Amino acid sequence: TLARLGGDEFAVLIDGAHEAHAVAVARRLLGSLSEPVWLADRELSVTASIGIALHPGGTGGSAELLRHADVAMYAAKEAGRDRFELFHYDMARELGEQLGLEHELRLGLQRGEFTLYYQPEVDLESGKIVGVEALVRWSSPRRGLVLPDRFIRVAETTGLILALGEFVLREACSQTAQWRNEGLLPEGFVTWVNLSGRQLMSGGFSDCVRLALHDAGLPAECLGLEVTETALVEEGTGGARARAELQQLHDEGVRIAIDDFGTGFSSLGQLRSFPVDMIKVDRSFVQGVEDGAKDAAITANLVTLAHALGLLAIAEGIESDTQLASLRGLGCDLAQGYLFARPLPEAQVRTVLTGGFGDLVSGSGVAA
């Protein structure tokens, strides 16, 4: 019996199967799915993560059997995907927290428990705010305010990142349009939204971006998309399609930035051909410029490289005056970090915008 449980999750029920039989079926499924198929003039290859749970006999419930299979499936994902794992009870203890978190995430999306905070980005020459990065927060009734590093990985693993990413995109566009309509934004202000690798590889994200801009009534040039270097250099048809969609959006006015630049090892030839406006120097380099000669040299070269390619360079994670002075000395264009402001809820951003774009970078910096 084959059933679709929801999204990209399926179940196969095999009556009277023993372990060897179940394993053989899992192997056949993986083999069949690996064969390329043609869809809309494109050749697609599919992989699967399979969890196997055996009913112990007696009166055990079907809900428990499904939970066990779910735990084993997550173990297969954790082990590298495109494989199967057999359920055992130690596995349940290890992955129980992740399953609970996934369940709460699903409910949270349905109940509207997610909200956006915005971290200002500052022009180092003028000291003015020129944009914000939209960052998602989860107001969990059980866990309180949860930061992304606690739940994004689970969202990526389970596919919930697609729904969550769409929420962030639409909410950021709507909020920026509201600020713009109220006359709070200066010329050239950009709200930046992070795109996960899974969103990029899923296909069709460009249509999602266009619809969000249209529904919000926001010009394309007011939106920026941050993509990681590793996602941008992804090989295969998925990577090529993602870059083509980014190029289309860029041609329509959407800004593109490479996040965590310097950590993905892309070639200069690739970088030159990407539709990019800005690179974000990874915080790991920025935080070492004070007393790390290697980090300072890497940061200097990344800024120089950005300018040679006609791109802006923004340093993220600035937390001290010394870091700020160093980045200014290296010719960095923009900056972001706790020295200026932590991520702020919309009401506090509005206060900053309403109060005018005064000098946020005055000597020691001013935290909003």
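For the structure itself, consult the block above.
Residues numbered from 1 in each chain as written. Predicted model: local features only at pLDDT ≥ 70, side-chain atom pairs only at ≥ 80, totals over all residues. Heavy atoms only, no water.

A. Focus on empty space enclosed by the protein. Within the structure shown, the criterion is met by one cavity of 30 Å³ or more. Approximately 30 Å³ is the volume found for the largest cavity. Lining the largest cavity are Pro120, Ile129, Val132, Leu344, Val349, Val352 and Leu353. Listing elements by their share of the lining of the largest cavity, those giving two or more residues are β8 (129-140) and α14 (346-354). Looking at the lining of the largest cavity residue by residue, the class counts come to seven nonpolar, no polar and no charged. (1 Å grid on protein atoms, 1.4 Å probe; cavity = no way out; pocket = protein on both sides within 12 Å on 5 of 7 lines; lining within 4 Å. Points joined across faces, edges and corners; volume = space filled by probe spheres on them. Helix = DSSP H or I, 4+ residues; strand = E, 2+ residues; numbered from the N terminus. Nonpolar A, V, L, I, M, F, W, Y, C, P; charged D, E, K, R; others polar.)

B. Here's a closer look at the pairing of strand β12 (residues 255-261). Extensive coverage of β12 is indicated by the burial of five of its seven residues. Direction of pairing for β12 relative to strand β13 (residues 278-281): parallel, over a ladder of three bridges. Bridging from a neighbouring strand, Ala257 pairs with Met278 of β13. (Buried < 20%, exposed > 50% of the residue type's maximum accessible area, 1.4 Å probe, protein only. Pairing = 2+ DSSP bridges.)

C. Broad picture of the nonpolar core. Formed by 77 residues in total, the largest nonpolar core has its most connected members in Leu223, Leu225, Val254 and Ile318. Top element by residues in this core is helix α5 (residues 161-181). It accounts for eight residues. Those residues in contact with Leu223, other than ones at most four positions away along the chain, are Leu169, Cys173, Val190, Thr191, Val193, Val209, Leu213, Val254 and Arg255. (Core = buried A, V, L, I, M, F, W, Y, C linked by side-chain atoms within 4.5 Å. Contact = heavy atoms within 4.5 Å.)

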